[in-house]
Amino acid sequence: MPPLRRSSHIPDPNLITLYAERGGSALHRLDPRAKVGALAWLVVFVTLARPTWLLVAALAVTIVVYLLAGLPFRELLRWYSIPVLFVLSLVVFLVWEEPGAPVLAAGGLVLTTGGVALVVSLVARALTTVTFTLVLLMTTRYVHLAGLAAKVLPSPIDQVFLLSYRFLFTTLGLIDGLLLALRARGGGLVRGVLTSTRLFAGIFALSFVRAYDRADRVGRAMTARGYEGRFPPSEPLPPLSVVQLGAVAVAFAALAFAVLGGLPGFGGVVP
Amino acid sequence: MKPPVCCAPDERPSLVHIDCASHVYPDGSVGMHAMCFSVHRGEVIAVCGANGSGKSTLIEHLNGTLVPAEGRVQVHGETVDDARRRQLWRTVGVVFQDADSQLFAPTVIEDVAFGPMNLGLSPAEARQSALEALEAVGASGLAQKIPAYMSGGEKRLAAIAGVLAMRPEVIAFDEPTSDLDPVHAARVEGLIDELRRQGQYGLVLSTHDLDLAARIADRVAILKHGSVIANGPPRDLFYDVELLGGAGLIEPRVVRLWRELCLRTGRDLEPQPVTEAEFVAALADTGRG
């Protein structure tokens, strides 16, 4: 396998595909419908759960699941940098003056324990979702994702979804080439952005234009092999696992009970 | 400039025939001008020309992905109308120059099965057809591979398998050996030769590598400014320095060497070898003479 060349902070779709197609863990063998259901459950869970410790625990459990699937941990830590930066850029204005004991004073602003808890909660929510999304994508073969999309989404939305997913590969591949060309001539992304912002904005925009051009060629090649708006999966979905889907349903029921019953950690949503 | 060579009557039934077709791109550049071109079963025809001479435009017309503004495309002697054009991919398969643009599925087997699925085969039949095509190109081991992690040569073989799996009557190769190392280039060349020997396909290859065309083509069409300016067996065309120079092409290495040898020894250009094997045979004859 060639060495990874792309920015180590951008999830590598080819690596994701490699693990999805080649992996043999128990998670790879789970019913894809159950995994999608579990992701939906997790999103609802981290949205409704309040205590920071519970959210951190959810993140820890998700990471354990990720490791049990035999997925690469170092890459995961690197891939975390972009969602963490994204969350921090959103909460930078919200964390100050929260109720709680002061931790840090900067200028006229005070960071409290409540503010720190807010940051930790939001980061944990984001990373839990990112981690399990990666688990889903890295343990589910594309043909099964395509099969699910074809079943769940109406046509042509399913085709748009599937082709957008593959378009992401094209775009990231071009950005990969761009970064490689930068490094080959001693350049760097961060340094370049800081010193030649306009030039780099142009290059960034151009990479999308090129990706569109490339996608157009891919589209022509598909048309040349008879693509007429339907991309039928070449393999059926695995048989429905009643046990696994039942487990997801029970988890949803438990969550609904916790929320509607106003259990500790889910308070404030009692009808 | 030589005028376009228009369709000379040919008694052989053509699989696909392009009849005085023209195509102009939206920016006004001429892709094809009064192009006449035929593909016959069991024949390898090399379309040779400089960059921008219309090779890729011609191939996309063969496959129906481009439509001529003037002229017509015929399949088995019947003019292709709009409805039939959309089905032309069943008759003409194209192996694109950039294999990365052709391989879009996550694994090779799914990509190769894509065409057969569009032909209406069941998933199981499509996969079987894909496996057979991969075996035919000697790349069974690539079935479960992910294209992003394959070499350029492996990608080219997988792309060829993707077209073979559809069992078209005509296969068009756009620059089939460009960017390949000598081993993979020889493998692709051998594969085209094997397909020719099977006799069931019409094979078109666009190239500016006249050495390749000399080795493998039964017939050569020289393109310039979107028109065929010469059409015939390699031996008839590759010794015409004016023709090749005018088309922005360089004569094959064997022709260059033979011409130099004849110039130095004062002998006649006959038998005009164009392949290395012919060159060696001619050289041996010279020695005996």
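Conventions adopted
Residues numbered from 1 in each chain as written. Chains lettered and ligands numbered in written order. Predicted model: local features only at pLDDT ≥ 70, side-chain atom pairs only at ≥ 80, totals over all residues. Heavy atoms only, no water. Helix = DSSP H or I, 4+ residues; strand = E, 2+ residues; numbered from the N terminus. Buried < 20%, exposed > 50% of the residue type's maximum accessible area, 1.4 Å probe, protein only. Contact = heavy atoms within 4.5 Å. Areas by Shrake-Rupley, 256 points an atom, 1.4 Å probe, with all protein chains shown as cover. Pairing = 2+ DSSP bridges. Axes fitted to C-alpha atoms, helices over the stretch in contact; angles between N-to-C directions. 1 Å grid on protein atoms, 1.4 Å probe; cavity = no way out; pocket = protein on both sides within 12 Å on 5 of 7 lines; lining within 4 Å. Points joined across faces, edges and corners; volume = space filled by probe spheres on them. Core = buried A, V, L, I, M, F, W, Y, C linked by side-chain atoms within 4.5 Å. Patch = residues over 30% accessible without salt bridge, like charges linked within 9 Å, V, L, I, M, F, W, Y side chains within 5 Å. Salt bridge = Lys/Arg side-chain N within 4 Å of Asp/Glu carboxyl O. pLDDT = per-residue confidence, 0-100. Parallel < 35°, antiparallel > 145°, perpendicular 65-115°, else oblique. Left-handed = near helix turned anticlockwise from the far one by under 90°. Nonpolar A, V, L, I, M, F, W, Y, C, P; charged D, E, K, R; others polar. Buried area = accessible area lost by both parts, 1.4 Å probe. Polar contact = N/O pair within 3.5 Å; in protein donor to acceptor, adjacent residues only side chain to side chain.

1. Topic: the overall build of chain A
Then comes step 1: Within chain A one finds twelve helices and two strands.
Then comes step 2: Ordered by position from the N terminus, the helices and strands of chain A form the series α-α-α-α-α-α-β-β-α-α-α-α-α-α.
Then comes step 3: The principal-axis extent of the C-alpha atoms belonging to chain A is close to 65 × 55 × 35 Å.
Then comes step 4: Every one of the 271 residues in chain A was classed for burial, and the buried ones make up 40%.
Then comes step 5: By sequence separation, contacts in chain A at least 24 residues apart represent 73% of the contacts at least 6 residues apart.
Then comes step 6: Total accessible area computed for chain A in this model is approximately 14,400 Å², and 73% of it derives from carbon and sulfur atoms.

2. Details of the sheet that holds strand β10 (residues 227-232) of chain B
Residue and element names in this part refer to chain B.
Then comes step 1: What the six strands build is an open sheet, ordered β6-β7-β8-β3-β9-β10; its pairing is mixed. Looking at strand neighbours, the two that pair on one side only are β6 (92-95) and β10, the edges of this open sheet. For this sheet, the mean angle separating the axes of adjacent strands, direction not counted, is 20°.
Then comes step 2: Across five bridges, strand β9 (residues 219-224) lies against β10 in antiparallel orientation. Across the sheet, residue Ile 222 finds its bridge partner in β10, namely Ala 230.
Then comes step 3: The sheet contacts of helix α6 (residues 152-164) involve β6 and β7 (170-174), and relative to β6 the element is tilted by about 170°.

3. Observations concerning empty space enclosed by the protein
Empty pockets left among the atoms are what a rolling probe the size of a water molecule brings to light.
Then comes step 1: Summed over the entire model, instances satisfying the criterion amount to three cavities of 30 Å³ or more.
Then comes step 2: Every residue along the wall of the largest cavity is listed here: A:Tyr142, A:Val143, A:Ala146, A:Phe231, A:Pro232, A:Pro233, A:Ser234, B:Ala105, B:Pro106, B:Glu110 and B:Phe114.
Then comes step 3: Elements with a minimum of two residues in the lining of the largest cavity: α8 (142-152) of chain A together with α4 (108-118) of chain B.
Then comes step 4: In terms of residue count, α8(A) provides more of the lining of the largest cavity than any other element does, three residues in total.

4. Comments concerning the nonpolar core
If you look at soluble globular proteins, the nonpolar side chains tend to sit buried side by side.
Then comes step 1: Among the nonpolar cores identified, the biggest contains 63 residues, and B:Ile171, B:Phe173, B:Ile222 and B:Phe238 are the most heavily contacted of them.
Then comes step 2: Ranked by residue count, the leading element in this core is α6(B), at seven residues.
Then comes step 3: Excluding residues within four positions of it along the chain, B:Phe238 makes contact with B:Leu210, B:Ala213, B:Ala214, B:Val220, B:Ile222, B:Leu244, B:Glu251, B:Pro252, B:Val255, B:Arg259 and B:Val274.
Then comes step 4: If you look at the next biggest cluster of nonpolar residues, it comprises 40 residues, including A:Val119, A:Val123, A:Leu134 and B:Phe114.

5. A closer look at a nonpolar patch on the surface
All names here are of chain A.
Then comes step 1: A cluster of nonpolar side chains, namely Val 56, Val 103, Leu 104, Val 116 and Val 120, defines an oily patch on the protein surface of about 360 Å² accessible area.
Then comes step 2: For the nonpolar patch, the secondary-structure elements that each account for two or more residues are β1 (102-106) and α7 (113-139).
Then comes step 3: For Val 116, the position within the fold is in helix α7.

6. Focus on the confidence of the model for chain B
Predicted coordinates in areas of low pLDDT are best not read in detail.
Then comes step 1: Here chain B shows a mean pLDDT of 88. Residues at 70 or above account for 96%.
Then comes step 2: Listed scores for the predicted complex are pTM 0.80 and ipTM 0.71.

7. Quick word on the packing of helix α3 (residues 32-48) of chain A against helix α12 (residues 242-260) of chain A
All names here are of chain A.
Then comes step 1: Interhelical geometry of α3 versus α12 gives an angle of 15° and a closest axis separation of 9 Å. The angle between α3 and α12 places the two elements in the roughly parallel class. The crossing of α3 and α12 is left-handed. In this structure, α3 contributes Arg 33, Ala 34, Gly 37, Ala 38, Ala 40, Trp 41, Val 44, Phe 45 and Leu 48 to the contact, and α12 contributes Gln 244, Leu 245, Val 248, Ala 251, Phe 252, Leu 255 and Val 259.
Then comes step 2: Of the residues assigned to the contact of α3 with α12, the class counts are 13 nonpolar, two polar and one charged.

8. A few points about unusual backbone geometry
What is expected of a backbone is that most residues other than glycine have negative phi and most peptide bonds are trans.
Then comes step 1: Following A:Ser155, the chain continues into A:Pro156 via a peptide bond in cis, with omega recorded as 5°.
Then comes step 2: The omega torsion of the bond from B:Glu270 to B:Pro271 falls at 15°, within 30 degrees of zero and hence cis.
Then comes step 3: Note on placement: B:Pro271 falls in the loop between α11 (253-265) and α12 (276-288).
Then comes step 4: One non-glycine residue with positive phi stands out, namely B:Arg167, at about 50°.
Then comes step 5: Relative to the helices and strands, B:Arg167 resides in the loop between α6 and β7.

9. Notes on the interface of chain A and chain B
Then comes step 1: Taken residue by residue, the interface counts 32 residues in chain A and 34 residues in chain B.
Then comes step 2: Here chain A packs against chain B, burying approximately 2,800 Å² in sum over the two surfaces, 59% of which is carbon and sulfur.
Then comes step 3: Among the residues chain A hides against chain B, the three largest losses belong to A:Arg220, A:Arg225 and A:Ser234. Together they make up 28% of the total.
Then comes step 4: The interface formed by chain A and chain B includes six salt bridges.
Then comes step 5: Across the salt bridge formed by B:Glu60 and A:Arg220, the nearest N and O atoms sit 2.6 Å from each other.
Then comes step 6: Remark: the boundary between chain A and chain B carries eight residue pairs in polar contact (both at pLDDT 80 or more).
Then comes step 7: Broken down by secondary-structure element, the contributors of at least two residues to the side of chain A that touches chain B are α1 (13-22), α8 and α11 (197-224) of chain A.

10. Description of α8(A)
Then comes step 1: For α8(A), the tally of buried residues reaches eight of eleven residues, placing the bulk of the element in the interior.
Then comes step 2: For α8(A), every residue scored as buried is listed here: A:Tyr142, A:Val143, A:His144, A:Leu145, A:Ala146, A:Gly147, A:Leu148 and A:Ala149.

11. Some details on the sheet that holds strand β5 (residues 78-79) of chain B
One key point about sheets: their strands pair by backbone hydrogen bonds, in either a parallel or an antiparallel sense.
Residues and elements named next belong to chain B.
Then comes step 1: Ordered by their spatial adjacency, four strands build an open sheet running β2-β1-β4-β5, and the pairing between neighbours is antiparallel. What marks the edges here is a single partner per strand, and that holds for β2 (30-39) and β5.
Then comes step 2: Where strand β1 (residues 16-24) meets strand β4 (residues 70-75), five bridges bridge the pair, whose relative direction is antiparallel. In the sheet register, His 17 faces β4, and the bridge partner there is Gln 74.

12. Thoughts on the packing of helix α6 (residues 81-91) of chain A against α7(A)
Residue and element names in this part refer to chain A.
Then comes step 1: Two elements in contact, α6 and α7, have axes whose closest approach is 10 Å; the angle formed by their N-to-C orientations is 145°. As for how α6 packs across α7, the hand of that crossing is right-handed. Residues Pro 83, Val 84, Val 87, Leu 88 and Val 91 of α6 form the contact with α7, whose participating residues are Val 119, Leu 122, Val 123, Ala 126, Leu 127 and Val 130.
Then comes step 2: Looking at the contact of α6 with α7 residue by residue, the classes come out as eleven nonpolar, no polar and no charged.

13. Quick look at the pairing of strand β3 (residues 44-49) of chain B
All names here are of chain B.
Then comes step 1: Extensive coverage of β3 is indicated by the burial of six of its six residues.
Then comes step 2: Alternating residues of β3 divide into Val 44, Ala 46 and Cys 48 and Ile 45, Val 47 and Gly 49, and every residue in both groups is buried.
Then comes step 3: Across five bridges, β3 lies against strand β8 (residues 202-207) in parallel orientation. Each bridged residue has a counterpart across the sheet, and for Cys 48 the counterpart in β8 is Thr 207.

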